[in-house]
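Structural overview
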Amino acid sequence: QSIAQEVVGLLCMVLLTLTALVANTVVMVVILKTPLLRKFIFVCHLCVVDLLSAIFLMPIGIISSSSCFNRVIYSIAECQALIFLNVCFISASILTISIISVERYYYIVHPMRYEVKMTIRLAVAGVIFIWVKSVLITVLALVGWPQGNGATSASRCTVYWSPGAHKKVFVIIFSIVCFVLPTIIIFAVYCSVYRVARMASLQQVPVPAQAVAPRHRSDSIASQVTIITTRNLPLPRLTPERFLGSNKAILTLVLIVGQFLCCWLPFFAFHLHSSVAAGAAGSGHGEMVVTWIAYSSFAINPFFYGLLNRQIREELARLRRSCLNRPLGQELCLSVSEASVQENFLQFLQRATCTLETHTSCISASPRNRLDQTKMGFPIPGQVPEESS
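Residues numbered from 1 in each chain as written. Predicted model: local features only at pLDDT ≥ 70, side-chain atom pairs only at ≥ 80, totals over all residues. Heavy atoms only, no water.

Taking an unreviewed UniProt entry as the reference, the protein chain is identified by name as GPRX protein belonging to Nyctibius grandis. The record in UniProt for the protein chain states the following under Subcellular location (unreviewed entry): "Cell membrane". (UniProt positions renumbered as here; feature names shortened; annotations may be inferred.)

Dropping the structure here:
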């Protein structure tokens, strides 16, 4: 039974590593190859961080977690390098997810402000901030390590190898900066997005004015035609596209928040308990389990933050069809059908927000609108009325 468990665990770790390598590479290539998708700079940065984690952290995690590699021994310098990469990439990944959440908040709730303030300079500054903060947090993890030529087994290459009060302080700071604060930001941001989605789902199709305005009963043919037309008008209801889009948006938000908590809550809860409780740091098996639950985030992130976006999916499908040499007509038909069925929930919410909060600015009277109104029956001053036959 132990051999079966070892084989199943090893296969799961290898599968997660391969999934992280392929998924992050595909999303990153699609974004970089398509000029219109280069606005997703933080999603691309998240794929880069997760891809680096899949290249450096996850293979070493397989060696450290499997009993097949018990003879592998790390020196102090090698273990310090592993801890440095581990804390740095975890911090960069979580901070990038937090910035993506804030970016989506402005994209949905304040679309006008987002279009003005979201520039390349601001995006580059955000990426620099992520790496500077990650490196500073990682330096705290290496304070107080023992000096010498000692060695440790792979399963014991953790931050608890050099115990002390500074390690307890580091774990507390690490948990607050990289989990507690990002969780608060993500909850606050997506709660605001949920309110927008709920308001959008409650929107109804406006009833035409002639269906509401009271009319006196008349026996003329024109009045009878008007009454029949008014009675046949559809009742106000939610359109199927908007109804499905709102439910899809709410479900997506719940999945994103739930995925973040399921991956990172066990990891930080375990390390907080191990640093605070005396003698709890010796559970190597528990640390291995929560570490790989956290590592699974590197394989899940490209699906939740990349492939859930309709534009990225369409570009990926277009690249796949071009590789298969499909006809252009078939490509256009598939693109239109996919766009009508699988609408990007961010675009849906942005359009709903524009209708809800900036209704006046979105439909403000412009010269072209006034001209259209004149064509619909409003007389232009000085215009000669046409004679009715």
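Once the structure has been displayed, the description carries forward.
Regarding its fold elements, the protein chain presents 15 helices and two strands. Intrachain contacts of the protein chain at a sequence separation of at least 6 include 82% that bridge at least 24 residues. Here the protein chain has roughly 22,100 Å² of accessible surface; of this, 68% comes from carbon and sulfur atoms. (Helix = DSSP H or I, 4+ residues; strand = E, 2+ residues; numbered from the N terminus. Contact = heavy atoms within 4.5 Å. Areas by Shrake-Rupley, 256 points an atom, 1.4 Å probe, with all protein chains shown as cover.)

Counting residues in hydrophobic clusters, the biggest one holds 64 residues, and the most contacted among them are Phe170, Phe174, Tyr190, Trp264, Phe268, Phe298 and Tyr305. Secondary-structure elements contributing two or more residues to this core are α1 (2-33), α2 (41-65), α3 (76-109), α5 (120-141), α6 (165-201), α9 (240-276) and α10 (284-307). Top element by residues in this core is α3. It accounts for 12 residues. (Core = buried A, V, L, I, M, F, W, Y, C linked by side-chain atoms within 4.5 Å. Buried < 20%, exposed > 50% of the residue type's maximum accessible area, 1.4 Å probe, protein only.)

A few words now on the pattern of salt bridges. Evaluated as defined, the whole model comprises two salt bridges. Here glutamate 314 makes a salt bridge to arginine 310, at a shortest N to O gap of 2.8 Å. With glutamate 314 and arginine 310 both in helix α11 (residues 310-323), this residue pair falls four residues apart, about one helical turn. The burial state of glutamate 314 is the same as that of arginine 310; both residues are buried. (Salt bridge = Lys/Arg side-chain N within 4 Å of Asp/Glu carboxyl O.)

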